[in-house]
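Residue-level structure breakdown
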Amino acid sequence: MTAVGAGAPPGPGAAIPEVPASAWEQALRELSEAGFDCLDFLTAVDRGHCRQVIARIRRSADWQAAMVSTQVAAAAPVLASATGVFPGASWHERETAEMFGIEFEGLADSRPLLLRAQPAKPPLLRGEFLPARVARPWPGAAEPEVGADGRRAGNPSRRRQRPLGVPDEPAQGRP
Amino acid sequence: MMTPEPAHGAIGLDPQACTSCMLCVRECPTWCIELGSHTEEVSDPGARRPRTVNVLDSFAIDYGLCMYCGICIEVCPFDALAWSPDAADPTADPGGLVLGIDQLRGWFATPSDS
């Protein structure tokens, strides 16, 4: 298979080889047969229109790493489980299912892994606001306090700073 | 606790270099930095009016929240933050991971190479 970079370890910013979702399990199997026998990591990224699933697999002989990715539609995020090839993928897939709402077909263990209670929507999707971001005041809102002379420093008309990624109306962020 | 250098074990602060500009606090993705400051007026000889300067009162990093991304170090215009090879010690409760100026100053004195 040429799609998978099984040579030099992928550095930061390197493009990750991509396979169609239908070929995901087969791509992993081919890597496994090529000596990449140790699943290092499996996670997902919310790309908006789709969710990208990424796996990093190492070759225990020389510890070389290969990465492979696929995309599943945001509307129907279903992907074949990698546990048939790498049983250790179970832990990562449970986490990815919980955090990104991806359903892994064939994943035998679907118990929640990290969250005490599954929220209405997966918390790591970009459209979701973390409750902690709403509940806790932003430390960046602080300004140097009023000086000893009672005058406030800086230009009082300056627009108030807002934290990135938090809605203006906190109520909007409540799940 | 030491790790091989150059290591990103903890973040140290030089309180003398910090101008309380709040850039690190506002850029921190995990909201783990809390900074307290006030302003004072300084009269320079020959100046027509006094200058207003920020004075740093408190600076704390919550190592229970910090993800060691180093953005605070990158954005600091005054190089008041730096990586240290030391690491925050384990504590019995999460509040013990909030470390203030005294601890952070010590880490600034032992910087990493990068």
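As for the overall build of chain B
From N to C terminus, chain B includes three helices and five strands. For chain B, the N- to C-terminal ordering of α and β elements is β-α-β-β-α-β-β-α. Classification of the 114 residues of chain B by burial places 43% in the buried group. Long-range contacts, defined as pairs at least 24 residues apart, comprise 73% of the intrachain contacts of chain B with a sequence gap of at least 6.

A look at the environment of P137 of chain A
Residue and element names in this part refer to chain A. Structurally, P137 can be placed in the segment after α3 (131-135). Assessed through its relative accessible area of 64%, P137 is described here as exposed. Here the alpha-carbon distance between P137 and P163, two residues 26 residues apart in the chain, equals 9.9 Å.

Details of the confidence of the model for chain A
If pLDDT is low for a region, its predicted coordinates should not be looked at in detail. Residue and element names in this part refer to chain A. Averaged over all residues, the pLDDT of chain A is 82; the fraction at 70 or higher stands at 78%. Confidence drops under a pLDDT of 50 for residues 1-8, and excluding neighbours within four residues, the segment shows 22 contacts in the predicted structure. Segment residues 170-175 is flagged for pLDDT under 50; beyond a separation of four residues in sequence, or across chains, it makes eight contacts in the model.

Quick notes on the confidence of the model for chain B
Of all residues in chain B, 93% attain a pLDDT of 70 or more, and the chain-wide mean is 88. Confidence over residues 1-5 of chain B falls short of pLDDT 50; this stretch has 10 contacts with residues more than four positions distant or in other chains.

Topic: the pairing of strand β4 (residues 81-84) of chain B
Along any regular strand, the residues point their side chains to alternate faces of the sheet. Residues and elements named next belong to chain B. Along β4, one buried face is formed by L81 and W83 and the opposite face, lined by A82 and S84, is buried too. Two elements, strand β1 (residues 10-13) and β4, share four bridges in a ladder whose sense is antiparallel. Looking across to β4, one finds that L13 is bridged to L81.

Digging into the nonpolar core
In terms of nonpolar packing, the biggest core is built from 28 residues, with I11, L13, I33, F59, I61 and Y63 of chain B touching the most fellow members. Where this core is concerned, the elements lending two or more residues are β1, α1 (23-27), β2 (33-42), β3 (51-62), α2 (71-75), β4 and α3 (101-108) of chain B. The residues contacting L13 of chain B, other than those within four sequence positions of it, are C18, L56, F59, A80, L81, I101, L104, R105 and F108 of chain B. Core analysis: the second largest hydrophobic core is formed by 26 residues, L42, V68, F100 and I102 of chain A among them.

Describing the packing of aromatic side chains
Residues and elements named next belong to chain B. Counted under the stated rule, the structure contains two aromatic pairs over all chains. With centroids separated by 5.9 Å and ring planes inclined at 35 degrees, the aromatic side chains of Y63 and Y68 adopt a geometry described as tilted. With a relative accessible area of 32%, Y68 lands in the partly exposed category. Ring plane angle 90 degrees and centroid distance 5.6 Å describe the contact between Y63 and W107, whose orientation is recorded as edge-to-face. One end of the pair, Y63, is in the loop between β3 and α2; the other, W107, is in helix α3, with 44 residues separating them in the sequence. Across the pair, exposure class does not vary: Y63 and W107 are buried alike. Through a chain of ring-to-ring contacts, the aromatic side chains of Y63, Y68 and W107 assemble into a single cluster.

Calculation notes
Residues numbered from 1 in each chain as written. Chains lettered and ligands numbered in written order. Predicted model: local features only at pLDDT ≥ 70, side-chain atom pairs only at ≥ 80, totals over all residues. Heavy atoms only, no water. Helix = DSSP H or I, 4+ residues; strand = E, 2+ residues; numbered from the N terminus. Buried < 20%, exposed > 50% of the residue type's maximum accessible area, 1.4 Å probe, protein only. Contact = heavy atoms within 4.5 Å. pLDDT = per-residue confidence, 0-100. Pairing = 2+ DSSP bridges. Core = buried A, V, L, I, M, F, W, Y, C linked by side-chain atoms within 4.5 Å. Phe/Tyr/Trp six-rings, centres within 6.5 Å; stacked < 30°, edge-to-face > 60°.

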